[in-house]
Number of protein chains: 4
Amino acid sequence: MLFSLRKTPAGSEAQPLLDLADRLGYRARFLGAGRRVLELVREDGTPGDAADRSRFEDFALVAGVLDASDAPERTERRADRKATVVRVGDAVFSDDTVSLIAGPCAVEDQDDLIEIAAGVREAGATLLRGGAFKPRTSPHAFRGLGEAGLEMLVRAREATGLAFVTEVLDPRDVELVAGAADALQIGSRSMSNQVLLREAASSGKPILLKRGLAATVREFLLAAETVLDAGNPNVILCERGVRSFDSVTRNLLDLGAVAHLTTATHLPVIADPSHAAGKSHLVPPLARAALAAGAAGLIVEVHPAPHTVHSDGAQAISIETFAELAAAARAIAPLVGRRFIDGTDSRPLRVTEPDLAPRAIERTAP
Amino acid sequence: MLFSLRKTPAGSEAQPLLDLADRLGYRARFLGAGRRVLELVREDGTPGDAADRSRFEDFALVAGVLDASDAPERTERRADRKATVVRVGDAVFSDDTVSLIAGPCAVEDQDDLIEIAAGVREAGATLLRGGAFKPRTSPHAFRGLGEAGLEMLVRAREATGLAFVTEVLDPRDVELVAGAADALQIGSRSMSNQVLLREAASSGKPILLKRGLAATVREFLLAAETVLDAGNPNVILCERGVRSFDSVTRNLLDLGAVAHLTTATHLPVIADPSHAAGKSHLVPPLARAALAAGAAGLIVEVHPAPHTVHSDGAQAISIETFAELAAAARAIAPLVGRRFIDGTDSRPLRVTEPDLAPRAIERTAP
Amino acid sequence: MLFSLRKTPAGSEAQPLLDLADRLGYRARFLGAGRRVLELVREDGTPGDAADRSRFEDFALVAGVLDASDAPERTERRADRKATVVRVGDAVFSDDTVSLIAGPCAVEDQDDLIEIAAGVREAGATLLRGGAFKPRTSPHAFRGLGEAGLEMLVRAREATGLAFVTEVLDPRDVELVAGAADALQIGSRSMSNQVLLREAASSGKPILLKRGLAATVREFLLAAETVLDAGNPNVILCERGVRSFDSVTRNLLDLGAVAHLTTATHLPVIADPSHAAGKSHLVPPLARAALAAGAAGLIVEVHPAPHTVHSDGAQAISIETFAELAAAARAIAPLVGRRFIDGTDSRPLRVTEPDLAPRAIERTAP
Amino acid sequence: MLFSLRKTPAGSEAQPLLDLADRLGYRARFLGAGRRVLELVREDGTPGDAADRSRFEDFALVAGVLDASDAPERTERRADRKATVVRVGDAVFSDDTVSLIAGPCAVEDQDDLIEIAAGVREAGATLLRGGAFKPRTSPHAFRGLGEAGLEMLVRAREATGLAFVTEVLDPRDVELVAGAADALQIGSRSMSNQVLLREAASSGKPILLKRGLAATVREFLLAAETVLDAGNPNVILCERGVRSFDSVTRNLLDLGAVAHLTTATHLPVIADPSHAAGKSHLVPPLARAALAAGAAGLIVEVHPAPHTVHSDGAQAISIETFAELAAAARAIAPLVGRRFIDGTDSRPLRVTEPDLAPRAIERTAP
């Protein structure tokens, strides 16, 4: 490992760092005339350790990492290991597939939800999205239907065969949500919430992890590292736009980050064009762009009557538009060496009348 | 209330919004030739309601609020109400005082902590800071001593008479932390965590709320609104720098936001020059600048041997430098119409030998 | 026109604005209880004027424009006018074509330049790029070969039949550069340089206008408006990435802005994946993404031996990679309703030996 | 000099760099197991050269500079040289003084201008500001009175004894503006305009250089380096706020950059609270904050009737408010070890009736 230092270490300033190196079995050398670079090599010739690296980075004296290729983190793509494949229902997220997730922003009505689920499945989606617990900025805004929303999602799965992913906000709700959902979404506002990340990871369900509003790519990967470190290998990264100074879109979709991540990590990376666009007419071009940049899939907000809903209606597209978007995905996937996982290939869709009896959601024990 | 619309409403697009207005007792009028502005006035002549406002803002059709002065939110400064005064130990946070909070980033050692607490109190601080539960980006980084750290803070309070504020990260820890601390800090990463905000609010302890890394001022105020809405009026806002494209400082301290907030809200606003600077030599100038901009106080990281500690050592200042900073605060406060609340005015400091027996922290029932 | 005001106008604060409205023939009305919205309508029923709009926006009292659809600016897409088609050599930039521009960052060597020009033309490019006058941040950095570089570009055009676009930095160089080049590039650093924009516009040559590093989309369009206002209708907009807090890419390519612009303006919009990526392996995915988002073309840095060159070598791709990228462009163009303008369709390429005699560049009289 | 490399150099990738090092007399060594750090030391033991450094940084292989303390740039503060003192009229900009610059945004009226000049001088300002050539975003906006505005500034100087600084936008106007003004302002939009920087530098007049809207501190210093490199040592740096995602202020005043620059460069650094605030009531707190952070002065927009003027009226403060601000400057200066240069200490102000005959401005020959 090679670290750059903030300054030439004076007096005993480097001593605590050198003591730690000694305890952990590393040989330390300062490089350069100004001793501004520190090299640490394991004395026994074994590679370094990512956890050790974090402890060294934590010192005030250390400005940054110059080279840590001998102490790779769990999220790093390496020649000697396969890319991660995450399966949720019929969806497959990997480095050679494209899967589409679609559904309403918030779950508000059972009939609408089933109509949407059936519609997007027929168009090619393999996973349903829908919010039961909604993160909001204002305490006065609609926060979702909670457990009742989860029940609606369960019924929609029964009616259409489409597995679903939904957000969890509170570590105390993880058991409940994991008892119902096929995958857990960690939203943008929660990306840095290590408490929630660990709790969600321990449910064993696949984690759809959204990038924070102003998170660097490194911070995004460290959030995923937290899930992997907690023993859950099934992480799907999701780029959803970062905060910008401009307002023609709600957020700025960072497709350079998507392209970079496909080479830097073994985890699948998808994109959320809806939250990036903030306007429905910009969703299809951004969706196509994300796939052309190499995304492993999309998560898209779909609603048949967007102006009637509480939250984020401005960015929802119709089922018809989603079908066109799925057609574009079928065409673009082979251009980037990917196979489109098509919801229409699954067993025939036969929407059953939902049984409206309450659903007992069995809480998962972590 | 006056709202701008995303477009001229076509067909029945505005109907759900008009229906809601009707149900809530508002008369609606479209203004302008293009019907791009919507006016809502209570039919009975009473003022609007901030919660109603949020529900209208939530519609896809609504682009933004043009004027909501008749439906003020709880955080808004109004002619008819006094500014909020938050007292924690000897510290007073208000619109005509300056109080200093100081202490180590993380609590790591009992003796160091008491030395720092005694030192900053003698220099003029009225509140101790110190992290027992540390939010970190890497899962491999030091996460604080937890309950043992809380005990150290309790002992430091016993030894020096200085009340303390410490961060809480997990809603399940609120009872524990509130049982020990005099005020709860909600960190930058947690500002948008409404679950934690509500739980912390319900403890009844004053809340020190840090601005999120890329939160707009409006989002910051809505986080405070969440605490007020949960029945806890004692919120201290804290500007700590926002993410920027430049790296000479760790974050960009937004003193325009501090100046704006002192006129826009009745809540006290302090600043954290340490996390903004990221480098100890930039802390004193930013601290002075924050006070000159009208901040109601500062929260500063102080450590006698910064290069030995785990986290954020690069930005900690010495006790001597803190004493100079407190002297500057004494001089600047009167220039901006504020009174310096001086830790040296309290009962004489007599540091007692800490009793190292375990402290039973009584969990507060919310 | 509908303007939002910063506050309810007190006393005679609105008088200068009302006087101007009167002089220009507009009837003014304040809307809403708080008089926070101002409506201006031409008394004679004719539409408003974009220049008038700017004069009203300029008042301190005016916070922003709510609706100016009756006073469209020259860059705005309107139902009653065709999209602009800009032709440079064999390249066509319009709303239903895709054209590729390629070449070295800076022109440094005649043989290299001709090799690149021939290579990219054979791969499908229809326009050559290459810097003779280079904008640099450091005064010590290589600033291009100047007039000698222009001569090399002229010879490359003679040898390959490929027209070229090159940057102009100094208004005093416009005649010289316009005397040699087929189109003038206004670089990112110069987007707000109205002096240069007007001078370049007056040359009559098509203008390739790059978005400023932190320019809003509105500011970008106003820079184009400056060129149109100076009587030159041939503007190609170019998104090249904006400044971000993250460093995995050099800039953050704003494809939401590209998608928005294709509906908001009649001018063609292309993208520069090279300056956005900053790393050669990220150029092809960003190039594909830009086309999938609806860009009318790309401008790409190509060099056979990138590590030998002075500037921006890290982001240059090889001729082979460019050929693959052109193949992707051929495949993506029809998916977004565009026709690929193929350099290989032109008259056969027969690279002639360059005549190295000095080229007398005839300065264009504006 | 120590450089970090983008990757372990493969094959002959480093050869061009090593060849250059050889030609320039440097001995090169790769450090670390991965050869990711390059050390260059002059063979004859002399220090490196900043121009050489730029040439090495320019290679694609080089990721950044780790240590260049042996090849300092011209703007760097060094132990062996005094801080730069720039004098313009009665104003002194240095590392132990505070001087105030004030005046209208744009020069629009002779009488107003003289009233403002006399007012701010009586309040303590030592330099007048006022725009004759205004950089604007819209081609339809008011662009200043040009030469007539310069004449008004000359008459205001005659009437009040106050020297003036004014912006130059076009390299072809430098002679004209330098023939009239006591110092030249390079505005934010022009910071990266090396052509204009060199031309303005060659006039020999002091240069007031504003930071670009999204310029890093390093880019800001390299713009100053360009002026120094052109032989003009008299540069005043001016922080004026950077672009942000929030809108409560027009720009985000970066006082961490001011604090950093006071230790990193020998050039004086002032602040512009007016363009940062964008709202007059936020100007005084930001002005005080800038001085408390260690700024060597302020440039402030002052107008007696802000709502009547064309541009930037919303941020102009009255002469009375400016007088209060000057009083605060007198109080804060000694707290940060600076001496207030007081316009009221100069020869008595006797406003003479302006002679309205045209002024022949003698163009300076560079």
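Cut-offs and rules
- Residues numbered from 1 in each chain as written.
- Chains lettered and ligands numbered in written order.
- Predicted model: local features only at pLDDT ≥ 70, side-chain atom pairs only at ≥ 80, totals over all residues.
- Heavy atoms only, no water.
- Pairing = 2+ DSSP bridges.
- Helix = DSSP H or I, 4+ residues; strand = E, 2+ residues; numbered from the N terminus.
- Axes fitted to C-alpha atoms, helices over the stretch in contact; angles between N-to-C directions.
- Contact = heavy atoms within 4.5 Å.
- Least-squares fit on C-alpha atoms with pLDDT ≥ 70 in both.
- Buried area = accessible area lost by both parts, 1.4 Å probe.
- Salt bridge = Lys/Arg side-chain N within 4 Å of Asp/Glu carboxyl O.
- Polar contact = N/O pair within 3.5 Å; in protein donor to acceptor, adjacent residues only side chain to side chain.
- Nonpolar A, V, L, I, M, F, W, Y, C, P; charged D, E, K, R; others polar.
- Patch = residues over 30% accessible without salt bridge, like charges linked within 9 Å, V, L, I, M, F, W, Y side chains within 5 Å.
- Areas by Shrake-Rupley, 256 points an atom, 1.4 Å probe, with all protein chains shown as cover.
- Lys, Arg positive; Asp, Glu negative; His and termini not counted.
- Charge placed at Lys NZ, Arg CZ, Asp CG, Glu CD.
- Buried < 20%, exposed > 50% of the residue type's maximum accessible area, 1.4 Å probe, protein only.
- Parallel < 35°, antiparallel > 145°, perpendicular 65-115°, else oblique.
- Left-handed = near helix turned anticlockwise from the far one by under 90°.
- 1 Å grid on protein atoms, 1.4 Å probe; cavity = no way out; pocket = protein on both sides within 12 Å on 5 of 7 lines; lining within 4 Å.
- Points joined across faces, edges and corners; volume = space filled by probe spheres on them.

A.B. asks: Before we move on, can you summarise the sheet that holds strand E3 (residues 37-42) of chain D with the specific residues and values?
C.D. replies: All names here are of chain D. A sheet is described by the order of its strands in space; here four strands give the open sequence E2-E3-E1-E4, paired in antiparallel fashion. Edge strands, defined here as strands with exactly one partner in the open sheet, are strand E2 (26-31) and strand E4 (62-67). Recorded for the sheet is a direction-independent mean angle of 25° between the axes of neighbouring strands. Sheet analysis places strand E1 (residues 2-5) next to E3, joined by three bridges and oriented antiparallel. Paired with Leu 2 across the strands is Glu 39, a residue of E3. Relative to the sheet, helix H1 (residues 15-24) contacts E2, E3 and E4, its axis offset from that of E2 by approximately 145°.

A.B. asks: Now, about the relation of the copies chain B and chain C: what can you tell me, with residues and values included?
C.D. replies: With an axial shift of 0.0 Å and an RMSD of 0.0 Å, the rotation relating chain B to chain C amounts to 180°. A rotation of that kind, with that shift, is consistent with a two-fold axis. Minimal C-alpha distance to the rotation axis in chain B is attained by Phe 245 of chain B, lying at 2.2 Å. By residue overlap, the copies meet face to face through one surface: 100% of the interface positions of chain B are interface positions in chain C.

A.B. asks: Please set out the interface of chain A and chain B residue by residue, giving values where relevant.
C.D. replies: Counting residues at the interface gives 48 residues for chain A and 49 residues for chain B. Taken together, the two surfaces of chain A and chain B that pack against each other cover about 4100 Å², and 52% of this comes from carbon and sulfur. In terms of surface lost to chain B, no three residues of chain A exceed Asp 58, His 140 and His 307 of chain A, which account for 17% of the buried area on that side. Taken together, the connections running from chain A to chain B amount to six salt bridges. The salt bridge partner of Glu 199 of chain A is Arg 172 of chain B, with a shortest N-O separation of 3.0 Å. Scanning the region where chain A abuts chain B turns up 16 residue pairs in polar contact (both at pLDDT 80 or more). At the level of secondary structure, the elements contributing two or more residues to the side of chain A that touches chain B comprise helix H2 (50-57), helix H6 (194-202) and helix H7 (217-229) of chain A. Here the element with the most residues in the side of chain A that touches chain B is H7 of chain A; it accounts for five residues. A class-by-class count of the residues in the side of chain A that touches chain B yields 18 nonpolar, 15 polar and 15 charged.

A.B. asks: I'd love a proper account of a negative patch on the surface, names of residues and values included.
C.D. replies: All names here are of chain A. The grouping of Asp 19, Asp 22, Glu 43 and Asp 44 at the surface amounts to a negative patch. Residue position: Asp 44 is located in the loop between strand E3 (37-42) and H2. Relative accessible area serves as the criterion here: at 56%, Asp 44 is assigned to the exposed category.

A.B. asks: How would you summarise the pairing of E3 of chain A if you had to cite specific residues and measurements?
C.D. replies: Residues and elements named next belong to chain A. Burial of E3 is extensive: five of the six residues sit out of reach of the surface. Direction of pairing for strand E2 (residues 26-31) relative to E3: antiparallel, over a ladder of six bridges. Opposite Arg 29, over in E3, you have Glu 39 as the bridge partner.

A.B. asks: Before we move on, could you go through the packing of helix H3 (residues 110-123) of chain A against helix H11 (residues 319-335) of chain A and cite the residues and values that matter?
C.D. replies: Residues and elements named next belong to chain A. For the pair H3 and H11, the least separation of the axes is 9 Å and the interaxial angle reads 25°. The orientation of H3 with respect to H11, classified from their angle, is roughly parallel. Here H3 and H11 pass one another in a crossing that is right-handed. Across the interface between the two elements, Glu 115, Ile 116, Gly 119, Val 120 and Ala 123 of H3 pack against Ile 319, Phe 322, Ala 323, Ala 326 and Arg 330 of H11.

A.B. asks: So what's going on with the relation of the copies chain A and chain B? Which residues, and what values?
C.D. replies: Of the transformation superimposing chain A on chain B, the axial component is 0.0 Å and the angular component is 180°, with the fit at an RMSD of 0.0 Å. Residue by residue, 100% of the interface of chain A is reproduced at the interface of chain B, so both copies engage with the same surface.

A.B. asks: An account of empty space enclosed by the protein is needed here, citing residue identities and associated values.
C.D. replies: This model, assessed by the stated rule, comprises eight cavities of 30 Å³ or more. If you add up the space inside the largest cavity, you get close to 330 Å³. In terms of lining residues, the largest cavity is bounded by 24 residues, among which Arg 243 and Phe 245 of chain B, Arg 243 and Phe 245 of chain C together with Arg 243 of chain D are the most central. Counted by class, the lining of the largest cavity contains 16 nonpolar, four polar and four charged residues.

A.B. asks: Break down the sheet that holds strand E2 (residues 26-31) of chain B for me, with residues and values.
C.D. replies: Residues and elements named next belong to chain B. Pairing within the open sheet is antiparallel, and its four strands lie in the order E2-E3-E1-E4. Bordering the open sheet on either side are E2 and strand E4 (62-67), each of which pairs with just one other strand. Between one strand axis and the next, the sheet turns through 25° on average, direction left out of account. Where strand E1 (residues 2-5) lies against E4, four bridges are found, and the strand directions are antiparallel. The residue of E4 that forms the bridge with Ser 4 is Gly 64. The sheet strands contacting helix H1 (residues 15-24) are E2, strand E3 (37-42) and E4, and the helix crosses E2 at an angle near 145°. Across the sheet, helix H2 (residues 50-57) lies against E1, E2, E3 and E4, angled at about 145° from E4, the strand it touches most.

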